[in-house]
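# What the coordinates show
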Amino acid sequence: MEPEDERSGEPVRRPDPSGLSLFEPREQPAERPGDPGDPGEPGEPGESGQGSDGESDGRSDGGSGKSRRRRTRRVLLWTVSTLLALVLGACGALWWTAEHYASSVHRIPDAFPAVPESAQPKPVPGSGLNFLLVGLDARSDTPTTGSAAKAPAWQAGAARSDTMMLLHLSEDRGSATLVSLPRDTWVPVPGHGEAKLNAAYSWGGPALMTETVQNLTGIRVDHLAVIDWNGFRALTDAVGGVDITIPRTIEGVGEARAWEAGTHHMDGATALLYVRERYGLPGGDLDRTKRQQNFLRALMLKVMDSGTLSGPARLGGLLGTVGEVVSVDDRFSNIDLFQLAWSLRSLRADGVRFLNAPFGGFATRGEQSVVLLAEHPAERLWEAIRNDRTEQYFQEHRAGDTLGADVD
């Protein structure tokens, strides 16, 4: 019998050694999770994310997983959107740069022959690009090329081309070959019989010159660029002049200037005297073409050393400068111009070769002194250019008239 409380008459409860009330049922000790035989009953806290009443406790893995997935999607969408904006912004900036600067380059309409495709050399896919470069002897102080031109680049009988060069760029843009065609080269001119090469421009402008060169070489001309001597002076001054080394002292002959041996920093006017002179040179017009190539080499090295091709903004500035003095064919779009310039950023000086067309001797035709090409050596060179095999050509024909380090 339990003792009774004197005031209430209720039995007095004695403390239980287990700490539990004698009136409450004892619970069996729960097995520890992970013990052998524990099946991990569903509904236990921590297993399904719900309490004993089946409701979420707010800290469940399932809820956290969904939240994490939502956050991941938001971060991913934000990242993709940012990258897309950057790419579109870069493309937009590139397009603007190309349009802004390349638009200043003057275009020449109808620069290609108006003859059937069957009458022209077939283009060879994957064989690089071929340019015809023409320097005009306009004998005028009025610009005829570039955005500053105040007179047309061609008027019948008004001017002859003083310089003609074929520039071949390899398909991978890793090398370039520049071949000078002497202006006195005796060639067939369509519709005019045989004549000096420079007469083609005077008679029929860029289209007839392009057709004449294509017929001579069998090389399809992809693009044309024309500059007059006013533009030549302006371009030279725009880059701050160039340094040209004269290997030995050259005495003046008649109107030809004398040159002291050594390195000369030439502005536009001085450089023009240098590249136009031929009477004081032992090889006459052939030596003059070498001077022209030597100048282009010096100009190219200066542009490369200045880092002009290293970024779109600087490249755009170069296009703007060139556009002020050079005219190109109207098939050359703004994007084409910019992409071409950008593709040349890895070209190095030792990847560019300068040479004259294979020389076959001097001759006289009527009262004219002319230059003849060596037929078979010339055909081997033209074939190499047509098929983008110039590297192989130079390995097999090292004795070609390649521009050396010393140019008189």
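Residues numbered from 1 in each chain as written. Predicted model: local features only at pLDDT ≥ 70, side-chain atom pairs only at ≥ 80, totals over all residues. Heavy atoms only, no water.

## Observations regarding the overall build of the protein chain
Within the protein chain, the regular secondary structure consists of nine helices and 13 strands. Going through the 408 residues of the protein chain one by one, you find that 41% of them count as buried. When contacts within the protein chain are restricted to residue pairs at least 6 apart in sequence, those whose partners lie at least 24 apart make up 67%. Counting every atom, the protein chain has about 23100 Å² of accessible surface; 53% of that belongs to carbon and sulfur. (Helix = DSSP H or I, 4+ residues; strand = E, 2+ residues; numbered from the N terminus. Buried < 20%, exposed > 50% of the residue type's maximum accessible area, 1.4 Å probe, protein only. Contact = heavy atoms within 4.5 Å. Areas by Shrake-Rupley, 256 points an atom, 1.4 Å probe, with all protein chains shown as cover.)

## Section: the packing of helix 3 (residues 229–238) against helix 4 (residues 268–276)
Two numbers describe how helix 3 lies on helix 4: the axes approach to 8 Å, and their chain directions differ by 125°. On the basis of their axis angle, the class for helix 3 and helix 4 is oblique. Crossing hand, helix 3 versus helix 4: right-handed. Mapping the contact onto sequence places Trp229, Phe232, Arg233, Thr236 and Asp237 in helix 3 and Gly268, Ala269, Ala271, Leu272, Val275 and Arg276 in helix 4. (Axes fitted to C-alpha atoms, helices over the stretch in contact; angles between N-to-C directions. Parallel < 35°, antiparallel > 145°, perpendicular 65-115°, else oblique. Left-handed = near helix turned anticlockwise from the far one by under 90°.)

## Topic: the packing of aromatic side chains
Enumeration over the complete set of coordinates arrives at six aromatic pairs. The interplanar angle of 40° and the centroid separation of 5.9 Å between the aromatic rings of Phe131 and Phe332 together place this pair among those described as tilted. Taken together, the positions of Phe131 in strand 2 (residues 129–137) and Phe332 in the loop between strand 10 (326–329) and helix 7 (334–343) put the pair 201 residues apart, joining distant regions of the chain. When its relative accessible area of 5% is taken as the criterion, Phe131 is described as buried. Of the residues examined, Phe332 reaches a relative accessible area of 5% and is grouped as buried. Ring geometry for Phe359 against Phe362: centres 5.0 Å apart, planes inclined by 65°, an arrangement best described as edge-to-face. Residue class for Phe359 comes out partly exposed when judged on its relative accessible area of 37%. On the basis of relative accessibility, which here comes to 53%, the residue Phe362 falls in the exposed class. Members of the aromatic cluster, joined through ring pairs, are Trp229, Phe232 and Phe295. Stacked on the ring of Trp259, the Lys or Arg Arg257 has its end atom at 4.0 Å from the ring centre. (Phe/Tyr/Trp six-rings, centres within 6.5 Å; stacked < 30°, edge-to-face > 60°. Lys NZ or Arg CZ within 6 Å of the ring centre and 35° of its normal.)

## Considerations on helix 3
For helix 3, the full list of buried residues reads Trp229, Asn230, Gly231, Phe232, Leu235 and Thr236. Backbone nitrogen of Asn230 and a side-chain oxygen of the N-cap are separated by 3.2 Å at the start of helix 3; the cap is Asp228. (Polar contact = N/O pair within 3.5 Å; in protein donor to acceptor, adjacent residues only side chain to side chain.)

## A closer look at the pairing of strand 10
Here strand 1 (residues 106–108) runs beside strand 10; their pairing, made up of three bridges, is parallel. Within the sheet, the bridge partner assigned to His106 lies in strand 10 and is Ser327. Pairing analysis gives three bridges linking strand 7 (residues 223–228) to strand 10, with the strands arranged antiparallel. Of the residues in strand 10, the one forming a bridge with Ala225 is Val328. (Pairing = 2+ DSSP bridges.)

## So, the nonpolar core
Leu169, Phe232, Ile244, Tyr274, Val275 and Phe295 are the most contacted members of the largest nonpolar core, which totals 39 residues. Val221, Ala357, Ala384 and Ile385 belong to the second-largest nonpolar core, a separate cluster that totals 33 residues. (Core = buried A, V, L, I, M, F, W, Y, C linked by side-chain atoms within 4.5 Å.)

## Quick word on a positive patch on the surface
Taken together, the side chains of Lys66, Arg68, Arg69, Arg70, Arg71, Arg73 and Arg74 define a basic patch exposed on the protein surface. Note that Arg69 resides in helix 1 (residues 61–102). Residue classification places Arg69 among the partly exposed positions, given a relative accessible area of 48%. (Patch = residues over 30% accessible without salt bridge, like charges linked within 9 Å, V, L, I, M, F, W, Y side chains within 5 Å. Salt bridge = Lys/Arg side-chain N within 4 Å of Asp/Glu carboxyl O. Lys, Arg positive; Asp, Glu negative; His and termini not counted. Charge placed at Lys NZ, Arg CZ, Asp CG, Glu CD.)

## Points about the environment of Thr212
Structurally, the position occupied by Thr212 is in helix 2 (residues 199–217). With 23 residues separating them along the chain, Thr212 and Val189 place their C-alpha atoms 5.6 Å apart. Leaving out residues up to four positions away in the same chain, Thr212 has contacts with Val187, Pro188, Val189, Pro190, Leu197 and Ala200. A distance of 2.8 Å separates a polar side-chain atom of Thr212 from the backbone oxygen of Leu208.

## Focus on the environment of Thr263
Note on placement: Thr263 falls in strand 9 (residues 262–266). The class of Thr263 is exposed, set by a relative accessible area of 55%. Not counting residues within four places of it along the chain, the set of residues in contact with Thr263 comprises Asp243, Ile244 and Thr245. A polar atom in the side chain of Thr263 sits 2.9 Å from the side chain of Thr245.

## As for the side chain of Ser327
In this fold, Ser327 is placed in strand 10. Since its relative accessible area comes to 0%, Ser327 is described here as buried.

## Concerning the pattern of salt bridges
Oppositely charged side chains can form a pair if their charged atoms are brought close together. According to the stated counting rule, one finds 11 salt bridges in the structure shown. Residues Asp184 and Lys196 are paired through a salt bridge, measuring 3.6 Å at the closest nitrogen-oxygen approach. Linking Asp184 in the loop between strand 4 (176–180) and strand 5 (186–189) with Lys196 in strand 6 (residues 193–196), this pair joins segments that are 12 residues apart in sequence. Lys196 carries the same exposure label as Asp184, and that label is buried. Linking Arg278 and Asp184 is a salt bridge whose minimum nitrogen-to-oxygen distance equals 3.5 Å. Here Arg278 is found in the loop between helix 4 and helix 5 (285–305), whereas its partner Asp184 is found in the loop between strand 4 and strand 5, with 94 residues between them in sequence. Its relative accessible area of 10% is what places Asp184 among the buried residues. Salt bridges here are not isolated pairs; linked through shared partners, they connect Asp162, Arg183, Asp184, Lys196, Arg278, Asp285 and Arg288.

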